Amino acid sequence: MLKSWKLKEIVLMSLFGVVFGIVYLLAIHLGNIWAGVIGPIAYEWMFGIWFIVSIISMQIIRKPGAAVLPETLAAIIEVMLGNAIGPRLILSGVIQGLGAEAAFAVTGYKHFNLAIMMLAGAGAAVFSFVYGYFLSGYAALDPSFVALMFTLRVLSGMIIAGIGGKYLADALLATGSLRGYAISRAKKGDAGA
């Protein structure tokens, strides 16, 4: 998978994985505060934050693996920093990354517009929800509550990860720091950009 990657792409993807591993761990504490106010459904509103590195990395690097690898690395870093969930969080990171990666794979890694970024955020949400459904016992909950959880998670993935990830990648591009990456080589006005 990494054969066609340049060293600077691997370094950037790794940097994103480390930074967002820290961000993800901090987000848990924010989620705990928010859950204290509105209950356990609070995490569904903000789940998109845990998918965002896959969108940012893919938007910039645009190669197979650019979504799943940084998401997995972020989970590994989060575990190393002391996430209470422990090693099973790494599998969660892989699953979330695969959900985002699937959206880009469907397009043959040729389209990186806002709709695809939002689809990738939704994909990460759906994959993670299915995993959580079996692991966390959602089947024991009222079906209408599970439907609300699912809807909020998908919307969060689309908005926070999809729109937010595209915005952050575009903001980094505007600084000029991404010259030489696929995002900067995309033609202006290209439907795939």
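Residues numbered from 1 in each chain as written. Predicted model: local features only at pLDDT ≥ 70, side-chain atom pairs only at ≥ 80, totals over all residues. Heavy atoms only, no water.

- The name given to the chain in an unreviewed UniProt entry is Energy-coupling factor transport system substrate-specific component, with the source organism recorded as Planomicrobium soli.

Some thoughts on the packing of helix H1 (residues 7-38) against helix H4 (residues 68-80)
- Running from amino to carboxyl end, H1 crosses H4 at an angle of 50°, the nearest separation of the two axes being 7 Å. Looking at the two axes, H1 sits oblique to H4. As H1 runs across H4, the sense of the crossing is right-handed. Contact residues: H1 offers Met13, Ser14, Gly17, Val18, Phe20, Gly21, Ile22, Tyr24, Leu25 and Ile28, while H4 offers Leu69, Pro70, Glu71, Leu73, Ala74, Ile77 and Glu78.
- Residue composition of the contact of H1 with H4, by class: twelve nonpolar, three polar and two charged. (Axes fitted to C-alpha atoms, helices over the stretch in contact; angles between N-to-C directions. Helix = DSSP H or I, 4+ residues; strand = E, 2+ residues; numbered from the N terminus. Parallel < 35°, antiparallel > 145°, perpendicular 65-115°, else oblique. Left-handed = near helix turned anticlockwise from the far one by under 90°. Contact = heavy atoms within 4.5 Å. Nonpolar A, V, L, I, M, F, W, Y, C, P; charged D, E, K, R; others polar.)

A short note on the layout of surface pockets
- Taken as a whole, the largest pocket spans an internal volume of roughly 800 Å³.
- As for the largest pocket, its lining consists of 33 residues, and the residues nearest its centre are Tyr43, Phe47, Ile85, Arg88 and Leu89.
- Elements supplying a minimum of two residues to the lining of the largest pocket: H1, helix H2 (42-46), H4, helix H5 (88-106), helix H6 (114-136) and helix H7 (143-174). (1 Å grid on protein atoms, 1.4 Å probe; cavity = no way out; pocket = protein on both sides within 12 Å on 5 of 7 lines; lining within 4 Å. Points joined across faces, edges and corners; volume = space filled by probe spheres on them.)

What about the environment of Gly65?
- With respect to the secondary-structure elements, Gly65 resides in the loop between helix H3 (52-61) and H4.
- Sequence separation of Gly65 and Ala105 is 40 residues, and the distance between their C-alpha atoms is 9.6 Å.

Some words on the nonpolar core
- Ranked by internal contacts, the top residues of the largest apolar core, which has 37 residues, are Phe20 and Ile60.
- For this core, the secondary structure elements donating two or more residues are H1, H3, H5, H6 and H7.
- Per-element accounting of this core gives the leading share, seven residues, to H3.
- In contact with Ile60, other than residues within four places in its own chain, are Leu12, Phe16, Ala169, Leu172, Leu178, Tyr181, Ala182 and Ile183.
- Ile41, Phe129, Val146 and Leu152 belong to the second largest nonpolar core, which has six residues in total. (Core = buried A, V, L, I, M, F, W, Y, C linked by side-chain atoms within 4.5 Å. Buried < 20%, exposed > 50% of the residue type's maximum accessible area, 1.4 Å probe, protein only.)

Quick word on the packing of aromatic side chains
- Counted according to the given criterion, the structure contains eight aromatic pairs.
- With centroids separated by 5.4 Å and ring planes inclined at 65°, the aromatic side chains of Phe47 and Trp50 adopt a geometry described as edge-to-face.
- The exposure class assigned to Phe47 is buried, which follows from its relative accessible area of 16%.
- An angle of 45° between the planes, with centres 5.1 Å apart, marks the rings of Phe129 and Tyr138 as tilted. (Phe/Tyr/Trp six-rings, centres within 6.5 Å; stacked < 30°, edge-to-face > 60°.)

Focus on the pattern of salt bridges
- Per the counting criterion, the structure on display carries three salt bridges.
- Here Lys63 makes a salt bridge to Glu9, at a shortest N to O gap of 2.8 Å. Note that Lys63 is positioned in the loop between H3 and H4 and Glu9 in helix H1, a separation of 54 residues in sequence. With respect to class, Lys63 is no different from Glu9; both count as buried.
- Across the salt bridge formed by Asp170 and Lys166, the nearest N and O atoms sit 3.0 Å from each other. With Asp170 and Lys166 both in helix H7 and four residues apart, the pair spans about one turn of that helix.
- Note on Asp170: relative accessible area 29%, which makes it partly exposed. (Salt bridge = Lys/Arg side-chain N within 4 Å of Asp/Glu carboxyl O.)

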